[in-house]
Amino acid sequence: MRRNGAWGYIDTEGTTVIPSRFTSADRFSDGLASVRWREQGKASDPSGYIDRTGRIVIKCDGDDANIRMTAQRCQGKFADGFVMAEVEIFRCADEPGNPKQYPCKGQWINRIGFYDKTGRLAIPGPYWSAGAVSRFVDGLAGVQVFGTNQKGFIDTSGRWLINPQFDQVTSFSEGLAAVRTGPAGWGFINKRGDFVIPAQFVSVNSAGFSGGLAAVSVDGKQHGYIDRSGRFVIQPRFKDAGPFSEGLALVCCDEDRLRYIDIKGNWAFDLKLSGTVWTDSFIDGVALAELERGQLVYIDRTGRIIARRDDSK
């Protein structure tokens, strides 16, 4: 919620629970949300994570460590107690290979690690770029070893549970993860690394299974939904298809408009949506949706507009 140029948080009844005092604010995930705020004497807005009371529990502007989570990258979402973020290592240019205390004349080395809820780099990796790393779900995260092309899954201690062997991976969801290896395409494995749905799909939605269904495509053009046996229960007929949340999924298109479907593939309500950037999944019965001309509204699961969002103030 934005009010008088600042962001805060409301509950599902519209009651303010965290006053508007942030210059930017993200949704809560795993009990924490990334925010920015103004601070006297600071050239740029500090950033960090708040809990559900609005208390800042992690500040991401430390400047005295060789390895640290920085303000510029303090924006990921926590899952299973960890957040994936870039790790900065400052190595002085005149002494290659010798880390020194920041600031120094050095270079930035890009790699990925996992931070815990204290802001500590708990799993340093190193892992490859963010696009090759998934969030933790049920104690497992898909990662790619720095300097290699193969991906596997680690536990929360950083130990390999499924060895690197895949070209692409997604997070686990409902006990299964989508993986791609070789020309066969995408399939789904269990937590032992065994294929339970053979590799056969050209594309899968990265969210995987939700509500017992996963959005996939066999030709890259038409998307539908399969169950955990790999059988299509909603036949491919959509240009694109998102994950189910609270019994509804966002699909494209009906007369060039986004719409929600139910688990039987029927239109959930008559409201047609125009945006692809803002329209979101349902959380606690509410979703942010974009109408014509960029108008942002909050809707309930019946398609009723319950509030309007104005970012201009």
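Residues numbered from 1 in each chain as written. Predicted model: local features only at pLDDT ≥ 70, side-chain atom pairs only at ≥ 80, totals over all residues. Heavy atoms only, no water.

Novice: Can you walk me through the sheet that holds strand E20 (residues 203-204) in this structure?
Specialist: Strand pairing in a sheet takes place through backbone hydrogen bonds and is either antiparallel or parallel in direction. One open sheet holds the four strands; their spatial order is E20-E21-E22-E23, and the pairing between them is antiparallel. In the strand order of this sheet, the two ends are held by E20 and strand E23 (232-238), each with one partner. Strand direction decides the pairing type here: strand E22 (residues 223-226) and E23, joined by three bridges, are antiparallel. The residue of E23 that forms the bridge with Tyr225 is Ile234. (Pairing = 2+ DSSP bridges. Helix = DSSP H or I, 4+ residues; strand = E, 2+ residues; numbered from the N terminus.)

Novice: Would you explain the packing of aromatic side chains in this entry?
Specialist: Where two aromatic rings form a pair, the distance of their centres and the angle of their planes describe that pair. This structure, assessed with the given rule, holds 12 aromatic pairs. One Lys or Arg, Arg52, reaches over the ring of Phe28 and ends 4.9 Å from the middle of that ring. (Phe/Tyr/Trp six-rings, centres within 6.5 Å; stacked < 30°, edge-to-face > 60°. Lys NZ or Arg CZ within 6 Å of the ring centre and 35° of its normal.)

Novice: Mind showing me how you'd approach the side chain of Ser217 here?
Specialist: The topology assignment puts Ser217 in strand E21 (residues 214-217). When its relative accessible area of 0% is taken as the criterion, Ser217 is described as buried. Reaching out from Ser217, the side chain makes a polar contact with the side chain of Asp219 at a distance of 3.2 Å. Only 2.7 Å separates the side chain of Ser217 from the backbone nitrogen of Gly220, close enough to count as a polar contact. (Buried < 20%, exposed > 50% of the residue type's maximum accessible area, 1.4 Å probe, protein only. Polar contact = N/O pair within 3.5 Å; in protein donor to acceptor, adjacent residues only side chain to side chain.)

Novice: Would you explain the nonpolar core in this entry?
Specialist: The tendency in soluble globular proteins is for nonpolar side chains to be buried as a group. Of all hydrophobic cores here, the largest spans 13 residues; its most connected members are Tyr260, Leu273, Phe282 and Ile299. Only strand E25 (248-254), strand E26 (257-261), strand E27 (287-290) and strand E28 (296-299) provide two or more residues apiece to this core. Per element, the largest residue contribution to this core is three residues, and it comes from E25. For Phe282, the contacting residues outside a window of four places in its chain are Ser245, Glu246, Leu248, Tyr260, Ala287, Ile299, Asp300 and Arg301. (Core = buried A, V, L, I, M, F, W, Y, C linked by side-chain atoms within 4.5 Å. Contact = heavy atoms within 4.5 Å.)

Novice: Please explain the pairing of E22 as it appears in this structure.
Specialist: On any regular strand, side chains alternate: one points to one face of the sheet, the next to the other face. Residues His223 and Tyr225 point to one face of E22 and Gly224 and Ile226 to the other, with burial holding for every one of them. Here E21 runs beside E22; their pairing, made up of four bridges, is antiparallel. In the strand pairing of E22, Val216 is matched with Gly224. From the end of E21 to the start of E22, which pair antiparallel, there are five residues, and Gly220 there has a positive phi angle of about 80 degrees. Here E22 folds back onto E23 in antiparallel fashion, the turn holding five residues, of which Gly230 has a positive phi close to 95 degrees.

Novice: Help me understand the pattern of salt bridges, please; the structure alone is not making it clear to me.
Specialist: Note that side chains of opposite charge can pair when their charged atoms are close. Across all of its chains, the model carries 12 salt bridges by this definition. The shortest N-O distance in the salt bridge between Arg55 and Asp51 comes to 3.3 Å. Note that Arg159 and Asp155 form a salt bridge whose closest N and O atoms lie 3.3 Å from each other. Judged by its relative accessible area of 11%, Asp155 falls in the buried class. (Salt bridge = Lys/Arg side-chain N within 4 Å of Asp/Glu carboxyl O.)

Novice: Where do I start with unusual backbone geometry in this structure?
Specialist: The bulk of non-glycine residues show a negative phi, and the bulk of peptide bonds are trans. With omega at 5 degrees, the peptide bond leading from Gly125 into Pro126 counts as cis. The residue Pro126 is located in strand E12 (residues 121-127) in this model. With omega at 5 degrees, the peptide bond leading from Cys252 into Cys253 counts as cis. Residue position: Cys253 is located in strand E25.

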